[in-house]
Amino acid sequence: MTGTAGQQTKGRAARLARLMPSGPSTAARTPFVLLVVLLLAGGLISLLLLNSALNEDSFKLSRLERRTTELTDEQQALQHDVDRDFEPDALERRARQLGMVPGGSPAFLDPDGTVRGVPERATADPSPVPAAPAPETSPSADPSASPADPSATASPTAPGAASPTGTDPAATPVPSTPTSPGR
């Protein structure tokens, strides 16, 4: 029985030897394993570089959004200043500072040359802007006209009244004042 048992073990050993790789075949697998490792490492490095680029763009985008918000706020503040300067009260106050007076009732010329209405010379109202404007607490106060600014105060004579020299006040030059500082 030992003879058949010995042959069986030799047969098993031969079958196992065929299943087990021999020395030269493992050397052929080494380049394949290195190739797979290099491909995985290259893929990871490219993913890291791509992620870094995306993060950089994200930071740039947030900076640009913040700058857009700042510029929008500044634009709205400037628009508010412009709107405040063109309110009827502010326009009237600046017109009076320049010596202008409200017009009377208008007269119209028809195409045939006839006048419709009664033309009148514009005269100043009996109650013009006070000599020294009181500080206003409303948000419509004109910041360009301060009480310390000599051009912001009314002249000693009323804008429409005749001057003591007898000249027409509309004919005298009036220095213009800037509507807002710095612009």
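Residues numbered from 1 in each chain as written. Predicted model: local features only at pLDDT ≥ 70, side-chain atom pairs only at ≥ 80, totals over all residues. Heavy atoms only, no water.

If you look the chain up in an unreviewed UniProt entry, it shows as Cell division protein FtsL from Streptomyces flavovirens.

This paragraph deals with the overall build of the chain. Of the regular secondary structure elements, the chain holds 3 helices and 2 strands. Counting helices and strands in the order they occur from the N terminus, the chain gives α-α-α-β-β. Within the chain, contacts between residues at least 6 apart in sequence are counted, and of these 54% link residues at least 24 apart. Roughly 14,800 Å² of accessible area belongs to the chain as shown, and the carbon and sulfur atoms make up 65% of that amount. (Helix = DSSP H or I, 4+ residues; strand = E, 2+ residues; numbered from the N terminus. Contact = heavy atoms within 4.5 Å. Areas by Shrake-Rupley, 256 points an atom, 1.4 Å probe, with all protein chains shown as cover.)

The next thing to look at is the confidence of the model for the chain. Summing up the model confidence of the chain, the mean pLDDT is 74 and the portion of residues at 70 or higher is 61%. Looking over the chain, one finds the lowest element-wise mean pLDDT in helix 1 (residues 2–19), namely 73, and the highest in helix 2 (residues 23–85), namely 92. Within the model, pLDDT remains below 50 along residues 128–135, and this stretch shows 9 contacts once partners closer than five positions in the same chain are excluded. Within the model, pLDDT remains below 50 along residues 138–178, and this stretch shows 43 contacts once partners closer than five positions in the same chain are excluded. (pLDDT = per-residue confidence, 0-100.)

Annotation from UniProt places "transmembrane region" (unreviewed entry) at residues 32–54. Helix makes up 100% of residues 32–54 and strand 0%. Its end C-alpha atoms lie 33 Å apart. (UniProt positions renumbered as here; feature names shortened; annotations may be inferred.)

Turning next to the pattern of salt bridges. Scanning the entire structure with this criterion turns up 4 salt bridges. Between R67 and E70 there is a salt bridge, with the nearest N and O atoms lying 3.7 Å from each other. In this pair, R67 and E70 are both assigned in helix 2, 3 residues apart and thus about one turn of the helix distant. Accessibility expressed as a relative area gives 45% for R67, which makes it partly exposed. Measuring nitrogen to oxygen at the nearest pair gives 3.3 Å for the salt bridge that ties R84 to D81. You can see R84 and its partner D81 sitting in helix 2, 3 residues apart, about one turn around the helix. (Salt bridge = Lys/Arg side-chain N within 4 Å of Asp/Glu carboxyl O. Buried < 20%, exposed > 50% of the residue type's maximum accessible area, 1.4 Å probe, protein only.)

To continue, consider helix 3 (residues 88–97). Every buried residue of helix 3 is listed here: A90, R93, R94 and R96. Each buried residue of helix 3 lies within a common arc of 160° when the element is viewed along its axis, so the set occupies one face. G99 lies just past helix 3 and shows a positive phi near 90°. (Arc of directions from axis to C-beta.)

The grouping of F32, V33, L35, V36, V37, L39 and L40 at the surface amounts to a nonpolar patch, some 690 Å² of accessible area in total. Within the element layout of this structure, L35 appears in helix 2. Overall, L35 belongs to the partly exposed group, its relative accessible area being 46%. (Patch = residues over 30% accessible without salt bridge, like charges linked within 9 Å, V, L, I, M, F, W, Y side chains within 5 Å.)

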